[in-house]
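Descriptive analysis of the structure
This is what each chain is made of:
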Amino acid sequence: MNVLIIGGGGREHALAAAIARSKKNPAIYAVMSKKNPGIAELCEDFLLEKETNVENVRDYAESMSIDIAVIGPEAPLAIGLTDVLEEEGIGVMGPRKKVACIEFDKAWARNFMKDNNIDGCPSFKVFEDDDGLDKYIKELGNVAIKPAGLTGGKGVKVMGDQLPDVTEAIAYARGLLENDNVVVEENLQGEEFTLHAFVDGRTLAFTPCVQDHKRAFENDLGPNTGGMGSYTDTDDILPFMKVHDLEIAKEIMQQTVNMMLSTIGVAYKGILYGQFILTNDGPKVIEFNARFGDPEAMNVLPLLKTDMLDVISAIVNGTLAKLEVVFEKKATVCKYAVPAGYPDNPTSDKEMIVGDIGDALLFYSSVYEKNGKIYTTSSRSAAVVGIADSIKDAEQIAQKGLEGLIGDLHSRHDIGTHALIQKKIDHMKQVRGY
Ligand code: AMP
Ligand code: GLY
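In this report, we go over the structure that sits alongside the text. Quantities reported herein were computed from a predicted structural model and do not represent experimental measurements.

The full count for this structure, using the stated rule, is 24 salt bridges. A salt bridge links E369 to K35; its shortest N-O distance comes to 3.4 Å. Here the residue E369 occupies a position in strand β21 (residues 367–370), and K35 occupies one in the loop between β2 (27–32) and α2 (37–42), the gap between them amounting to 334 residues. Overall, E369 belongs to the partly exposed group, its relative accessible area being 29%. Here K330 and D389 are joined by a salt bridge, their closest N and O atoms 3.1 Å apart. With K330 in the loop between α12 (308–317) and β18 (331–339) and D389 in the loop between β23 (382–388) and α13 (391–403), this residue pair connects regions lying 59 residues apart in the sequence. The exposed category is assigned to D389, whose relative accessible area is 56%. Here the residues in one salt-bridge network are E191, D220, R412, D414 and K424, joined through shared partners.

Moving on: the side chain of S381. For S381, the location among the structural elements is in the loop between β22 (373–376) and β23. Under the relative-accessibility criterion, S381 is labelled buried at 0%. Not counting the four nearest positions on each side in its chain, S381 is found in contact with Y336, A337, V338, P339, M352, Y364, S365, S366, V367, T376 and L409.

On to the site of ligand 2. With respect to spatial proximity, the complete set of residues near ligand 2 consists of D212, G226, Y273, N289, R291, G293, D294, P295 and E296. Between ligand 2 and D212 there is a distance of 2.8 Å, counted from a nitrogen atom to a side-chain nitrogen or oxygen. The side chain of R291 places a nitrogen or oxygen atom 3.0 Å from an oxygen atom of ligand 2. Contact with the protein chains removes 90% of the 200 Å² of surface that ligand 2 exposes when unbound.

In this section: the sheet that holds strand β4 (residues 68–71). Taken in spatial order, the five strands line up as β3-β2-β1-β4-β5 in an open sheet, and their pairing is parallel. Each end of this open sheet is capped by a strand with a single partner; those strands are β3 (45–48) and β5 (91–93). The mean inter-strand angle of the sheet, taken between neighbouring strand axes irrespective of direction, is 20 degrees. Summarising the sheet, strand β1 (residues 2–6) and β2 pair through five bridges and their orientation is parallel. Looking at the pairing, I6 lines up with V31 of β2.

Looking now at the site of ligand 1. The local shell around ligand 1 holds 15 residues, among which K146, E185, L188, E192 and E287 are the closest. Contact between ligand 1 and E186: a nitrogen atom at 3.0 Å from a main-chain N or O atom of the residue. Taking K214, its side chain carries an N or O atom lying 3.4 Å from an oxygen atom of ligand 1. In the complex, the protein chains occlude 93% of the 480 Å² of accessible area that ligand 1 would expose alone. For the shell around ligand 1, the residue count by class is five nonpolar, three polar and seven charged.

Time to look at the pairing of strand β10 (residues 191–200). Burial runs high along β10: nine of the ten residues are buried. The pairing of β10 with strand β16 (residues 269–279) spans ten bridges and is antiparallel. Looking at β16, one finds that F198 is bridged to I271. Judged from the three bridges that link them, β10 and strand β11 (residues 204–206) form a sheet pairing that is antiparallel. Each residue of the ladder has a partner; that of V199, found in β11, is L204. Between β10 and β11, which pair antiparallel and follow one another directly, the connecting turn spans three residues, one of which, G201, has a positive phi of 110 degrees.

Two numbers describe how helix α1 (residues 10–20) lies on α12: the axes approach to 7 Å, and their chain directions differ by 105 degrees. Classified by the angle between their axes, α1 and α12 sit roughly perpendicular to one another. Between α1 and α12, the residues in contact are L15, A18 and I19 and M308, L309 and I312, respectively. Per-class residue counts for the contact of α1 with α12 are six nonpolar, no polar and no charged.

Analysis parameters
Residues numbered from 1 in each chain as written. Chains lettered and ligands numbered in written order. Predicted model: local features only at pLDDT ≥ 70, side-chain atom pairs only at ≥ 80, totals over all residues. Heavy atoms only, no water. Salt bridge = Lys/Arg side-chain N within 4 Å of Asp/Glu carboxyl O. Helix = DSSP H or I, 4+ residues; strand = E, 2+ residues; numbered from the N terminus. Buried < 20%, exposed > 50% of the residue type's maximum accessible area, 1.4 Å probe, protein only. Contact = heavy atoms within 4.5 Å. Near = heavy atom within 4 Å. Polar contact = N/O pair within 3.5 Å; in protein donor to acceptor, adjacent residues only side chain to side chain. Areas by Shrake-Rupley, 256 points an atom, 1.4 Å probe, with all protein chains shown as cover. Pairing = 2+ DSSP bridges. Axes fitted to C-alpha atoms, helices over the stretch in contact; angles between N-to-C directions. Nonpolar A, V, L, I, M, F, W, Y, C, P; charged D, E, K, R; others polar. Parallel < 35°, antiparallel > 145°, perpendicular 65-115°, else oblique.

Nothing here speaks to function; it is geometry throughout.
Now the structure itself:
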């Protein structure tokens, strides 16, 4: 089987590694904008091209006789690459444009949840102009403000965080309205977690829950990033969660997939990423994404015991109900090395040397290879993942891995440590009113 991976980051490296482990010996191909050395090493052939240049991706897929394509990032999903490849008879893990809008149109996603009575939706309103805007923001009092479209995780601002008060919230929302619709919603309090599901249109197979750390600096301080690192526990839940919380989150995602099929008539085939905030009133949806998380993919994909090619085929063929999707009962800790100064003033084009990373797994992200050397860009560079019988041991493996990455790099050393996890448990107790 010829499998094409679209995308060249850490998430796609983890996807390629999971596919390369398949007992069915697939031939792997890739389209990526820069040469990710980790993906390139696993490939028969690759094309250096923007993932959103749909015609060129399609032509390459045809010329390589691709059977199945796996789309990593959101941008090609948002412009309908799936639809184009499916028209050529290629199976795709990644939803069609009509349902991928669950990620790329946050206004649509919220209205979809509300119109279909899907649980876990906060109070919100969508604004196309500023009519009633300040009244609603004042009414809610404590808000999150979001542009409706894709912003690479950088457009959302929350009161008490990036927005000091109602006046600034109104001003920020007004500014956004010049370019996009704006979603105003209640500011939810609690710990965040990610739940991914493999989806074949009807059936969902869930990965363990993951907690990402969006802030650039230790103790969850500093600006938001794409994600600095993440962890999973040996169970499917995280230390601050209860089994019941997971059941509710799963049910919300199942309802969402069911309603997409029945109201839009398109089977959602790919990954559904639920980003939840665990409130005193249970899990609420912050947003849905139509793809794996980055870094979260690097936690869960190495744990997958079921053959990844069987999972992908079941998604494409609609037969996931017949496949048992199993993960190893291990804890994982993933830590990113990012360029110094990331995200506000990152350095770039600095050499990164990979020394002794011990037992950690290594996934390359936004780096490129030139004349046998690896160079950084202004985005996240590479991630290390520790896998062990406890979060504590996994953290130490990841930490050792980071020591082997040499360059002008920054990392968060607190992710997965006992102190930070205890802080999250205590925060959740406080939110639940214990
Ligand atoms: P997003 O770009 O949608 O992932 O949002 C970035 C961050 O904003 C999330 O990780 C949350 O921490 C925060 N956020 C988004 N929506 C809300 C909300 N309704 N309440 C509280 N925090 C939120
Ligand atoms: N780690 C957050 C995301 O992939 O959206």
